[in-house]
Amino acid sequence: MPPRTLFLADLHLSPRTPALNAHFAAFLTAHPAQVAAPSIFDDDSRPFARTIQTQLATFARHTPLFIVSGNRDFLLGAPFARATGATLLADPSVVTLYGQAYVLAHGDALCTEDKTYQRFRRVVRCGLTQWLFLRLPLAWRQRLAGDVQRESGAAKVAKPYAVTDVSESAVLALLARYPEAHLIHGHTHRPACHTYATPQGARCRWVIADWRAEVMGGYVQVDASGVAAKTWLGGA
């Protein structure tokens, strides 16, 4: 099979999602291709996290694995990278694949119209905030994370559709920083390909599908022929 790179996002794996977890494990077995994943976890409870880490480590022993942390697993750090063999990428990162440059991002930083979320994001991405949080007992951290996720989900439902999507100005600004690159991201749960006219020519923004009980297995594939959105339903 020709070389290819697969991009997954917003898998939302947790102990409460056995079907998703099984599908993800089967996906790794069936796809011996370089993988980049913006956002994996919804839950970092220790037994579950160890199971996922073991699966990722098995995969990374024979295939390059890259991860961009998202809005729910942004505390992934060097211990996780050592345990899994994954390379953690900054958000955003520029990679060159098969002669073409791509900007890889989780996508939440591009939702600049959501002012409330962006304020929250600045607080939780602060080094001091993270230092303090990681020194709380594990049970407290899990309880706080669960509360934040529930409140965030409820707030998102109440917000206008446009507010929870990326803003055009943020996308164009990012593309202007990397004028030769196309953009690949997740977060919004709105899989599509959008085309932008730039001074350097047409640029595409690929949005990776999220995984959930009703629809799982979506990914974006990049190879020498270009980019394509795909869905893996299972099997070989």
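See the structure shown above.
In this text the structure is predicted, and so the values were computed from the model without any measurement.

### Details of the pattern of salt bridges
Summed over all chains, the structure comprises seven salt bridges. One salt bridge in this structure joins R190 and D165, with 3.5 Å as the shortest N-O distance. Of this pair, R190 sits in the loop between strand 7 (181-185) and strand 8 (192-198) while D165 sits in the loop between helix 6 (138-158) and helix 7 (168-177), placing them 25 residues apart in sequence. Relative accessible area serves as the criterion here: at 18%, R190 is assigned to the buried category.

### Here we look at the packing of aromatic side chains
Taken as a whole and judged by the stated rule, the model has five aromatic pairs. With a centroid separation of 5.9 Å and 75° between ring planes, the pair formed by F27 and W211 is classed as edge-to-face. Placement of F27 in helix 1 (residues 18-30) and of W211 in the loop between strand 9 (201-207) and strand 10 (218-223) is noted, with a sequence separation of 184 residues between them. Of the two residues, F27 and W211, neither departs from the other in class, the shared state being buried. Judged by centre distance (6.2 Å) and plane angle (45°), the ring pair of Y117 and F120 falls under tilted. Remark: F120 and Y117 occur in helix 4 (residues 115-124); sequence separation between them is three residues, near one turn of the helix.

### Describing the side chain of Q118
Assignment of secondary structure puts Q118 in helix 4. Contact partners of Q118, with chain neighbours within four places excluded, come to D108, A109, C111 and T112.

### Focus on the pairing of strand 9
In terms of burial, strand 9 is largely enclosed, as five of its seven residues are buried. Summarising the sheet, strand 7 and strand 9 pair through three bridges and their orientation is parallel. Pairing of H185 across the sheet is with V207, part of strand 9. The pairing of strand 8 with strand 9 spans seven bridges and is classified as antiparallel. Note on strand 9: the bridge partner recorded for A197 is A202.

What counts and how
Residue indices begin from 1 for each chain and proceed along its sequence in written order. With pLDDT at 70 or above as the cut-off, local features in this predicted model cover only qualifying residues; side-chain atom pairs require 80 or more to be listed or tallied, and sums for whole chains, interfaces and linings still use all residues. Each side-chain value is worked out from all heavy atoms of the structure, with water and hydrogens disregarded. Only one rule defines a salt bridge in this text: a Lys or Arg side-chain nitrogen within 4 Å of an Asp or Glu carboxyl oxygen. Secondary structure elements follow DSSP: runs of H or I no shorter than four residues count as helices, runs of E no shorter than two count as strands, and numbering proceeds from the N terminus. Each residue is placed in one exposure class: buried if its accessible area under a 1.4 Å probe, protein chains only, is under 20% of its type's maximum, exposed if it is over 50%, and partly exposed if it falls in between. Classification of ring pairs rests on two measures: the distance between centres of Phe, Tyr or Trp rings, Trp counted by its six-membered ring, which must be within 6.5 Å, and the angle between planes, read as stacked under 30 degrees, edge-to-face over 60 and tilted in between. By the convention used here, residues are in contact when the closest approach between their heavy atoms is within 4.5 Å. Paired strands are those between which DSSP finds at least two bridges.

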